[in-house]
Amino acid sequence: MAGGSTGYADILKAPYAARLLTGTLVGRLPSATAPIAIVLLVRAGGGSYSLAGALAAVYGIGTAIGQPLLGRAVDLYGQPRVQLPAAVVSAAGVVLLVLAGTDSPALAYTAVAVAGVFTPPLEGGLRALWPSVLGGEDRVHRAYAMDAVAQEIMFTVGPLLVTLLVSLWSPAAALLAINAVGVCGALSVVASEPSRRWRSAPREAHWLGALRSPGLLALLGAFLFIGVALGSITVAGVAYADDQGRESVYGWLMAALGLGALVGGLGYGARQWAGTPERRLRAIVALLALCYLPLTLTPGVLAMTGLCALAGVFLAPAIACSFIVVDRHAPHGTVTEAFSWLVTTFGVGSALGTAVAGPAVEIGGTAASFAVAGAGGIAALLVLLTTQRVLAAPVRPADATIRTENDPSGAAEPGFSSGHQA
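Parameters at a glance
- Within any chain, residue numbers begin from 1 and follow the written order of that chain's sequence.
- Predicted model: local features are reported for residues with pLDDT of at least 70 only, side-chain atom pairs are reported and counted for 80 or more only, and whole-chain, interface and lining totals are derived from all residues.
- To get the side-chain values, take all heavy atoms of the structure and skip hydrogens and water.
- Residue types Ala, Val, Leu, Ile, Met, Phe, Trp, Tyr and Cys, when buried and joined through side-chain atoms within 4.5 Å, form a set referred to as a nonpolar core.
- Buried residues are those whose accessible area, probed at 1.4 Å on protein chains only, stays under 20% of the maximum for their type, while exposed residues exceed 50% and partly exposed ones sit between those limits.
- Only DSSP runs of H or I reaching four residues or more are called helices, and only runs of E reaching two or more are called strands; each is numbered from the N terminus.
- Whether two residues are in contact is decided by their heavy atoms, any of which lying within 4.5 Å being enough.
- The pLDDT score gives, residue by residue, the confidence of the prediction method on a 0 to 100 scale.
- Of the grid points, spaced at 1 Å and generated over the protein atoms alone, those admitting a 1.4 Å probe that cannot get out make up cavities, while open sets with protein on both sides within 12 Å along at least five of seven lines make up pockets; any residue with an atom within 4 Å of a point is treated as lining.
- Grid points are joined across faces, edges and corners, and a volume is the space filled by probe spheres set on the points.
- Side-chain classes follow a simple rule in which Ala, Val, Leu, Ile, Met, Phe, Trp, Tyr, Cys and Pro form the nonpolar group, Asp, Glu, Lys and Arg form the charged group, and the remainder, Gly included, forms the polar group.

**Focus: the nonpolar core**
Stage number 1. Membership of the largest hydrophobic core comes to 106 residues, with the highest contact counts inside it found for Trp 130, Leu 134, Leu 281, Tyr 292 and Leu 295.
Stage number 2. Per-element accounting of this core gives the leading share, 13 residues, to helix H11 (residues 214–244).
Stage number 3. Residues within four places of Leu 295 in sequence aside, it is in contact with Ile 233, Met 304, Leu 307, Cys 308, Ala 311 and Phe 370.
Stage number 4. Ala 87, Leu 122, Val 183 and Ala 186 belong to the second largest nonpolar core, which has five residues in total.

As structure tokens, then:
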């Protein structure tokens, strides 16, 4: 069995793999940095924090609405016809925001709504491409883990990049530059041969699309609460830093959370796992919930940083394992849409967690806000436990043939199935 670093190197050496991963991450920079970039732009123009927060929220809502709709369009019409035009329209919305400023709130809201709704579903698109690019089952599952780790890095580096560009130029220039780079990332992906060749399997006409899968609905319900947990930690971390009287503490806590996720993701992808991914996901989420609970103790900074690192360890494995479960439960012809629904649900849950943690701080203090994270983890586990029977019946079971919608051309090597792990 290959070690983690060797296994990841083997994946990146596969034709187009490094290009697709890099292009997807670069293409997603605008969405990863939009909240902080919008806030900085509005404040630089003399707008209030309330307006800045509202605009960032509208962007987030737009993204949540647009991802599954665009994901369904990708399944129907292919990646190049949807991803690149969506990226261009989203960037045009940002240009409109920069040009119009906040003197006309209605125009500003329209601009960020357009930018959010048309954010291309590159994340789901990449996961749909992995099987045809990599072939073997263990390599695809390792790629899912690498994908989850790369997300953690992007959401850590992205805000730092924004602040660097703002210090060098201005918020407007930073926003324009990141979106221009994002369009280039989308172009790099859709111009590649795997993206141009990829076609979804024939799908059953149904207005619910991917959501007609009970197993997928169960998974989305669990990840809604995981999103709640993560969103609440961002607010609770600020409250904890305020209690300590040092703003820098917040950065340490978030860095520790990201480092823990990085270590956990690398470890998860370094080996093959026995048993079904659904059962494994329950175990990982149970450990995730268990690690959230000690955060309510709010000990000293050093201990709290360690607890945050521990809380992050099982996040990337949970996300990586969820990718496999999505692939097994997505109805035929809906794989990109299904992955996009996961992105949307996680984002909505994070927004809810942020909204709940604020009042929790005011009512019960910092410990209460961290308790929201623990409650979210426990709720996610309960959803998985109560839906075991539904999750035990995937659309594509372990003995499914290789020609799934994730690999309609049969490009993966013989013996690769969409679910079973040795």
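Continuing now.
**Side note on the confidence of the model for the protein**
Stage number 1. Of the residues in the protein, 91% reach a pLDDT of 70 or more, and the chain-wide mean stands at 86.
Stage number 2. In the model of the protein, helix H1 (residues 4–13) stands out as the element of lowest mean pLDDT, 74, in contrast to helix H5 (residues 80–100), which has the highest, 97.
Stage number 3. A low-confidence stretch, residues 398–422 stays under pLDDT 50, and its non-local contacts, those more than four residues away or across chains, total 69 contacts.

**Some points on empty space enclosed by the protein**
Stage number 1. The tally for this structure, following the rule as stated, stands at one cavity of 30 Å³ or more.
Stage number 2. Counted as a void, the largest cavity has a volume near 80 Å³.
Stage number 3. In terms of lining, the largest cavity is formed by Pro 30, Ala 34, Ile 38, Tyr 59, Ser 90, Gly 93, Val 94, Leu 97, Val 112, Ala 115, Leu 175 and Asn 179.
Stage number 4. Counting residues per element, the lining of the largest cavity draws most heavily on H5, which supplies four residues.
Stage number 5. Grouping the constituent residues of the lining of the largest cavity by class yields nine nonpolar, three polar and no charged.

**Some thoughts on unusual backbone geometry**
Stage number 1. Although it is not a glycine, Tyr 16 sits at a positive phi angle of roughly 75°.
Stage number 2. By secondary structure assignment, the location of Tyr 16 is in the loop between H1 and helix H2 (17–27).
Stage number 3. Of note, the phi angle at Thr 298 is positive, near 40°, even though the residue is not glycine.
Stage number 4. Tracing the backbone through its elements, the reader meets Thr 298 in the loop between helix H13 (277–292) and helix H14 (301–313).
Stage number 5. The exposure class of Thr 298 is partly exposed, given its relative accessible area of 26%.

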